[in-house]
Amino acid sequence: MAMHYMGDTFAHDTYRKSNNKEIVHDNPAPIGTIYGADKIDVVPRRYDVAKYALEGVVYCALNNVYGNWSEIDDGLEAPEYSNDKDNFRKRKLYTYMVQNGSNIRLNRVSAASIYD
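Cut-offs applied
- Residues numbered from 1 in each chain as written.
- Predicted model: local features only at pLDDT ≥ 70, side-chain atom pairs only at ≥ 80, totals over all residues.
- Heavy atoms only, no water.
- Helix = DSSP H or I, 4+ residues; strand = E, 2+ residues; numbered from the N terminus.
- Buried < 20%, exposed > 50% of the residue type's maximum accessible area, 1.4 Å probe, protein only.
- Contact = heavy atoms within 4.5 Å.
- Areas by Shrake-Rupley, 256 points an atom, 1.4 Å probe, with all protein chains shown as cover.
- Core = buried A, V, L, I, M, F, W, Y, C linked by side-chain atoms within 4.5 Å.
- Patch = residues over 30% accessible without salt bridge, like charges linked within 9 Å, V, L, I, M, F, W, Y side chains within 5 Å.
- Salt bridge = Lys/Arg side-chain N within 4 Å of Asp/Glu carboxyl O.
- pLDDT = per-residue confidence, 0-100.

## Remarks on the overall build of the chain
In step 1: The number of helices and strands found in the chain is 5 helices and 4 strands.
In step 2: When the helices and strands of the chain are placed in sequence order, the string is α-β-β-β-α-α-β-α-α.
In step 3: Expressed as a percentage of the 116 residues in the chain, the buried residues total 36%.
In step 4: In the chain, the share of contacts with a sequence separation of at least 24, taken over all contacts with a separation of at least 6, comes to 57%.
In step 5: With the model as given, the accessible surface of the chain reaches about 7300 Å², and the carbon-plus-sulfur share is 52%.

Here's what the structure looks like:
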C-alpha cells in the first residue's frame, strides 16, 4: 500500500510548470488541463522522482528503518533535468512531507518545484 500511495503522489495534483496546467486522468482532458496522469511520458520527471521515492520505500521496508524524504530531493535534483523547461510542480508536497514528520530541508531548486 505504501508503494501505491507514493507512486500516486506524483500522478495526482501535479501540474506542468511551463503552462501551469493540471495533469489529469480524464480522457479527453477538460479544457485547461492535460491528459496523462498515469502516463510516464507526460512530464517524465514525475515518473523519475516517483522511482527515487519508491526505491526509498523499498529500502526502508527491507532494512526496517524509517525514511527521511531525501529520495524525493534526489529525484528533483537529478542531473538529467538540470535544464528541464518542462518541469512539474506538486501541490502541497512539501507541506505534506512536513506534516508527516519530515525535517529535511530541500534545496532552493527542489523547493521551487513543489511549493504551491
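## With respect to the nonpolar core
In step 1: F10, I23, V42, V43 and F88 are the most contacted members of the largest nonpolar core, which has 14 residues in total.
In step 2: Breaking this core down by element, the ones donating at least two residues are α2 (45-63) and α4 (93-99).

## Focus on a nonpolar patch on the surface
In step 1: Together, M3, V58 and L62 make up a nonpolar patch on the protein surface, roughly 300 Å² of accessible area in all.
In step 2: Residue placement: V58 occurs in helix α2.

## Remarks on unusual backbone geometry
In step 1: A cis amide bond links N27 with the next residue in sequence, P28, at an omega value of 5°.
In step 2: With respect to the helices, strands and loops of the structure, P28 is situated in the loop between β2 (21-24) and β3 (33-35).
In step 3: The phi dihedral of V43 is positive, around 50°, even though this residue is not glycine.
In step 4: Mapped onto the elements of the fold, V43 is located in the loop between β3 and α2.

## A look at the side chain of T14
In step 1: Relative to the elements of secondary structure, T14 occurs in strand β1 (residues 14-16).
In step 2: Sequence-distant contacts of T14, that is, excluding residues within four places in its chain, are made with T9, K21, E22, I23, R46, F88, R89 and K90.

## Looking at the confidence of the model for the chain
In step 1: For the chain, mean pLDDT is 75; residues scoring 70 or higher make up 68% of the total.
In step 2: The least confident element of the chain, judged by mean pLDDT, is helix α5 (residues 108-114) at 52; the most confident is β3 at 93.

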